[in-house]
Amino acid sequence: MTANLLEFDLEGLAVFCEGLGEKRFRATQLFRWIHQRGASDFDQMSDLAKSLREKLKSTAHIAALPVVSQHISQDGTIKWLFDVGDGNAVESVFIPEDDRGTLCVSSQAGCAVGCRFCSTGHQGFSRNLGTAEILAQLWFAEHFLRRHLQTDERVISNVVMMGMGEPLQNYTALIPALKVMLDDHGYGLSRRRVTVSTSGVVPMIDRLAQDCPVALAVSLHAPNDALRDSLVPLNRKYPIDELLQACERYLAHAPRDFITFEYCMLDGVNDQPEHARQLIELVQRHGRQGLRCKFNLIPFNPFPASGLLRSPQARVQAFAKILLDAGIVTTVRKTRGDDIDAACGQLAGDVKDRTRVQERMAQQRSAEIIRIRPVSN
Ligand code: SAH
Ligand code: SF4
């Protein structure tokens with residue numbers, strides 16, 4: 001079995017090249033071929049000596065994940081389902097907007113946290129993805145989109161680790177993947193445009209601050225421990241106060257001067273005015289003048305096994321107004337790609353479920369209008 005070069009950040013690739021008796025700077029050339037040019041064939045790499053190309057062919061490969069399916073939504077959102085072996089699949093979603101192109105990336109097959117409102121959580125945990133499997137999602141999507149749009153310019157300007165899985169429970173594989181996203185010889189994304197979303201693995205938030213401080217989103221979903229315990233089971237291990245203290249510490253290292261709190265609006269569960277008032281009190285209690293944060297209210301995307309319902313729009317607006325009136329920046333997330341089950345928390349990775357989506361896709365195929373444009377920044 002030869003090494004998949006998508007497994008390495010630049011430092012790792014330099015070590016690999018040294019192992020082949022090559023100078024470290026060769027790694028930079030190779031790295032740029034892979035990530036900036038999307039090359040997977042060593043013979044394409046015309047500025048590498050033939051002898052090196054031959055050595056690479058016998059010791060390494062560059063492999064994407066097999067694509068099980070690709071669905072394109074009416075709104076231009078694209079969802080890919082990738083096969084990661086043993087009957088497991090993970091999903092990535094590309095979300096085009098006027099001023100950016102965001103890729104939502106998975107970190108695990110399934111998830112061990114088991115949040116009540118999350119379809120991935122209901123599926124249970126299969127396994128961690130390796131660095132190569134995390135990066136293969138970006139590598140494939142970026143170069144697919146460039147070919148599709150016939151552009152040499154970068155299409156994906158933002159990455160959010162908000163697909164399947166809890167990224168901070170797959171820390172060792174996550175960090176090199178983030179480094180490749182940030183590397184000027186890789187994808188060259190700024191730290192502000194790479195977001196790790198976590199359900200609150202407190203010790204790993206501290207490590208992330210040291211090892212690779214990118215933008216942080218914390219899935220809060222409840223203003224008190226009793227309610228959060230029932231929605232996000234990890235709260236029993238790392239309760240809200242500890243989590244918010246970790247957020248405070250993270251701010252000293254963060255590329256943005258706020259933490260984003262995600263809050264999934266569940267009908268009759270966490271969407272009452274009283275909950276909004278408790279949130280304000282909570283935020284004001286932390287930090288010197290209150291914790292610097294933004295709230296992103298997510299309309300719940302229902303799935304049958306959850307037994308939960310989406311809060312009515314008026315209630316979401318009323319909730320947002322209470323936070324806004326207290327001076328807390330609050331946005332309501334637009335749902336994107338829900339016609340292809342690509343919206344938050346709908347990622348299931350269960351290949352058996354796909355028939356329904358595929359039927360719908362067949363109807364839609366004639367209307368495959370993709371409104372995506374390359375973004376430069
Ligand atoms: N495990 C990480 C990242 C993946 S989930 C985390 O929990 O943060 C990404 C976001 O989608 C989280 O904020 C999560 O709470 C939200 N989400 C999960 N299921 C959802 C659903 N059914 N509807 C809306 N948002 C959901
Ligand atoms: Fe895991 Fe995040 Fe889903 Fe919770 S919301 S089960 S942490 S993927």
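Just so we're clear, the structure is a prediction, and the values are computed from it rather than from any experiment. (Residues numbered from 1 in each chain as written. Chains lettered and ligands numbered in written order. Predicted model: local features only at pLDDT ≥ 70, side-chain atom pairs only at ≥ 80, totals over all residues. Heavy atoms only, no water.)

Provide a residue-level description of the overall build of the protein chain, including the pertinent values.
Scanning the protein chain from N- to C-terminus turns up 12 helices and 14 strands. Computed over C-alpha atoms, the radius of gyration of the protein chain comes to 21 Å, within 12% of the 21 Å expected from 2.2 N^0.38 for 377 residues, which places it in the range of a compact globule. Viewed in the frame of its principal axes, the protein chain has a C-alpha envelope of about 70 × 50 × 40 Å. Taken across its 377 residues, the protein chain has 56% of its residues classed as buried. A fraction of 65% describes how many contacts in the protein chain between residues 6 or more apart in sequence connect residues 24 or more apart. Accessible area of the protein chain: about 16000 Å², with a carbon and sulfur share of 49%. The average position of the 44 basic charges and that of the 44 acidic charges among the side chains of the protein chain differ by 3 Å. (Helix = DSSP H or I, 4+ residues; strand = E, 2+ residues; numbered from the N terminus. Rg over C-alpha atoms; globule rule 2.2 N^0.38 Å. Buried < 20%, exposed > 50% of the residue type's maximum accessible area, 1.4 Å probe, protein only. Contact = heavy atoms within 4.5 Å. Areas by Shrake-Rupley, 256 points an atom, 1.4 Å probe, with all protein chains shown as cover. Lys, Arg positive; Asp, Glu negative; His and termini not counted. Charge placed at Lys NZ, Arg CZ, Asp CG, Glu CD.)

Which residues make up the packing of helix α1 (residues 10-19) against helix α2 (residues 25-35), and what values do they have?
Axis separation between α1 and α2 bottoms out at 8 Å; the angle between their running directions is 125°. Classified by the angle between their axes, α1 and α2 sit oblique to one another. Here the hand of the crossing between α1 and α2 comes out right-handed. Where α1 abuts α2, its residues Leu10, Leu13, Ala14 and Cys17 lie against Ala27, Thr28, Leu30 and Phe31. Across the contact of α1 with α2, the residue classes tally to 7 nonpolar, 1 polar and no charged. (Axes fitted to C-alpha atoms, helices over the stretch in contact; angles between N-to-C directions. Parallel < 35°, antiparallel > 145°, perpendicular 65-115°, else oblique. Left-handed = near helix turned anticlockwise from the far one by under 90°. Nonpolar A, V, L, I, M, F, W, Y, C, P; charged D, E, K, R; others polar.)

Tell me what's going on with the domain arrangement of the protein chain, and back it up with residues and numbers.
Many analyses report the size of an interface as the accessible area lost when the parts associate. Domain boundaries in the protein chain define domain 1 (3-61) and domain 2 (67-362). Each of domain 1 and domain 2 has a C-alpha centre, and these two points are 32 Å apart. Between domain 1 and domain 2, the contact holds 16 residues from the first and 16 residues from the second. Buried area between domain 1 and domain 2, both sides added, is near 1300 Å², and the carbon and sulfur share of it is 59%. Taken together, domain 1 and domain 2 are joined by 0 salt bridges. (Domains from an automatic or database assignment. Buried area = accessible area lost by both parts, 1.4 Å probe. Salt bridge = Lys/Arg side-chain N within 4 Å of Asp/Glu carboxyl O.)

Quick one: what's the story with the packing of aromatic side chains, residue by residue and with numbers?
Two measures describe an aromatic ring pair: the distance that separates the ring centres and the angle between the ring planes. Applying the stated criterion across every chain, the model contains 8 aromatic pairs. Taking 5.4 Å as the distance between ring centres and 45° as the angle between the ring planes, the aromatic pair formed by Phe261 and Phe295 counts as tilted. With Phe261 in strand β12 (residues 259-265) and Phe295 in strand β13 (residues 293-299), the pair connects residues that are 34 residues apart, well separated along the chain. The burial state of Phe261 is the same as that of Phe295; both residues are buried. Pairwise contacts between aromatic rings join Trp80, Phe82, Phe140 and Phe144 into one cluster. Taking NZ or CZ as reference, Lys294 lies 4.1 Å from the ring centre of Phe258, over its face. (Phe/Tyr/Trp six-rings, centres within 6.5 Å; stacked < 30°, edge-to-face > 60°. Lys NZ or Arg CZ within 6 Å of the ring centre and 35° of its normal.)

Describe the packing of helix α7 (residues 202-211) against helix α9 (residues 240-251), and please don't skip the residues or the numbers.
Relative orientation of the contacting elements α7 and α9 amounts to 0°, with a least axis distance of 9 Å. With respect to α9, the element α7 is oriented roughly parallel. Two secondary-structure elements touch here, α7 through Val202, Ile205, Asp206, Leu208 and Ala209 and α9 through Glu242, Leu243, Ala246, Arg249 and Tyr250. Among the residues making up the contact of α7 with α9, the classes are represented as 7 nonpolar, no polar and 3 charged.

Outline the nonpolar core, listing residues and values.
With 116 residues, the main nonpolar core has Leu178, Met181 and Leu208 as its most contacted residues. Here this core gets 10 residues from one element, more than from any other, and that element is helix α5 (residues 131-149). The residue makeup of this core includes at least three contributed by each of domain 1 (3-61) and domain 2 (67-362). (Core = buried A, V, L, I, M, F, W, Y, C linked by side-chain atoms within 4.5 Å.)

Which residues make up the sheet that holds strand β11 (residues 215-219), and what values do they have?
Read across the sheet, 10 strands follow the order β3-β4-β5-β6-β9-β10-β11-β12-β13-β14 without closing on themselves; strand pairing throughout is mixed. The open sheet has two edge strands, β3 (67-72) and β14 (329-332), and neither has a second partner. Going across the sheet, the axis of each strand differs from the next one's by a mean of 20°, ignoring polarity. Examined bridge by bridge, β12 and β13 share 7 bridges and lie parallel to one another. Along β13, the bridge assignment pairs Ile259 with Cys293. Helix-sheet contacts for helix α6 (residues 171-182) involve β9 (158-161) and β10 (194-198), and the interaxial angle to β10 is about 155°. (Pairing = 2+ DSSP bridges.)

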